[in-house]
Each structure stands twice: as structure tokens, then as C-alpha cells.
Amino acid sequence: MFTKNNGSDEHDILQNQFTTFLTVAVSNARIDYLRARIRRLQRELVTEEYEILFSEDHDYIEALSDNDALRHAMREIKEKERYVVLARILDEKGFDEIADELGMGYKGAAAIYYRAIRKLKNILGGEDS
């Protein structure tokens, strides 16, 4: 015959449920931590590439064009704007990819790009629409 040991069985069930909950919670926290770390490392890599791109030792803007006015205009805009414009035009990256690299949203990357284009247009003597 079977004997009922309800109190102990309920305790074991609750203990197993709690253990499962705790295991899942810790696993999810670890995954979130690793994702955040990967995003941070990607931003650091982009920043390092960005700093190399516009360092005094390398004048990539000079190499882009023989047009003095364009070189001057590119130097007049902010560094982040310059990066977004160059990534969009030269690397043909989408706003979503640029946004991921810079740790921002799609709309933020697009806004930086269009604001930079407006600035460049104004610096080069074009009319702002």
C-alpha cells in the first residue's frame, strides 16, 4: 500500500519549482550580461576605428576627394556626423547597422545623417530645403 506523505511531496514540488525558477533567472541574467558586454565591446571597437580614421596621423578625408571645399566641409561637421555620413556613403551601411555600431536607435542614426547632410549642403553653399 501507498502511504500519503502530502506535506513532504508539496515541499519537494515547491522546492523543485523554485530551483527551476532560480536556474532560469540566473541563466537569463547571464545572457543579458553577455549581450550588454558584447554591445559595449562593439561600441568600443567602433570608437577605436573611428579615432584611427580621424587621427592626425591619417588623413582619410584628404584621400576621399581632391575637392578642397568638400574636405573643408567634412572637417566642419561633428565627428559622429562625419562617421555616419562616411559609413552610409562609402561603406553603404544601413541606418540600422550604423545605429547598432554606435549604440543608438535607427531614428537617431538617420537623424544624425540627414542633419549632417544639411550642414554640408549649407557649408558648401547649397540652399537648405
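Asks: Honestly, the overall build of the chain in this entry has me stumped. Any pointers?
Replies: When its secondary structure is counted, the chain shows six helices and zero strands. Shown N-terminal to C-terminal, the secondary structure of the chain runs as helices and strands in the order α-α-α-α-α-α. Across the chain, the fraction of contacts at a sequence separation of at least 24, relative to all contacts at a separation of at least 6, is 49%. Entry remark: accessible area of the chain is about 9,900 Å², with carbon and sulfur atoms responsible for 53%.

Asks: Please explain the side chain of E101 as it appears in this structure.
Replies: Take E101: it is sitting in helix α5 (residues 95–102). Judged by its relative accessible area of 15%, E101 falls in the buried class. Within the structure, E101 has its side chain in polar contact with the side chain of Y83 (distance 2.6 Å).

Asks: So what exactly am I meant to see when it comes to the confidence of the model for the chain here?
Replies: Do not read the fine detail of predicted coordinates wherever pLDDT is low. Per-residue confidence for the chain gives a mean pLDDT of 76; residues scoring 70 or more make up 71%. Considering each helix and strand of the chain separately, the mean pLDDT is smallest for helix α2 (residues 60–64), with a value of 52, and largest for α5, with 92.

Asks: Where do I start with the nonpolar core in this structure?
Replies: As a rule of thumb, nonpolar side chains are buried together in soluble globular proteins. Counting 18 residues, the largest nonpolar core has M74, V84, V85, I98 and L120 as the members making the most contacts within it. Contributing elements (two or more residues each) for this core: α3 (68–76), α4 (79–89), α5 and α6 (106–123). In terms of residues, this core owes the most to one element, α6, which gives six residues. Residues contacting I98, with those up to four places away along its chain left out, are V84, A87, R88, K93 and A109.

Asks: Looking at this model, I keep getting lost on the packing of α5 against α6. Mind explaining?
Replies: To describe two helices that pack against each other, one gives the angle between their axes and the distance between the axes. As a packed pair, α5 and α6 sit with axes 8 Å apart at the nearest point and diverge in direction by 105°. Classified by the angle between their axes, α5 and α6 sit roughly perpendicular to one another. On α6, the residues that touch F95, D96, I98 and A99 of α5 are Y106, A109, A110, Y113 and Y114. Partitioning the contact of α5 with α6 into residue classes produces eight nonpolar, no polar and one charged.

Cut-off values and rules
- Residues numbered from 1 in each chain as written.
- Predicted model: local features only at pLDDT ≥ 70, side-chain atom pairs only at ≥ 80, totals over all residues.
- Heavy atoms only, no water.
- Helix = DSSP H or I, 4+ residues; strand = E, 2+ residues; numbered from the N terminus.
- Contact = heavy atoms within 4.5 Å.
- Areas by Shrake-Rupley, 256 points an atom, 1.4 Å probe, with all protein chains shown as cover.
- Buried < 20%, exposed > 50% of the residue type's maximum accessible area, 1.4 Å probe, protein only.
- Polar contact = N/O pair within 3.5 Å; in protein donor to acceptor, adjacent residues only side chain to side chain.
- pLDDT = per-residue confidence, 0-100.
- Core = buried A, V, L, I, M, F, W, Y, C linked by side-chain atoms within 4.5 Å.
- Axes fitted to C-alpha atoms, helices over the stretch in contact; angles between N-to-C directions.
- Parallel < 35°, antiparallel > 145°, perpendicular 65-115°, else oblique.
- Nonpolar A, V, L, I, M, F, W, Y, C, P; charged D, E, K, R; others polar.

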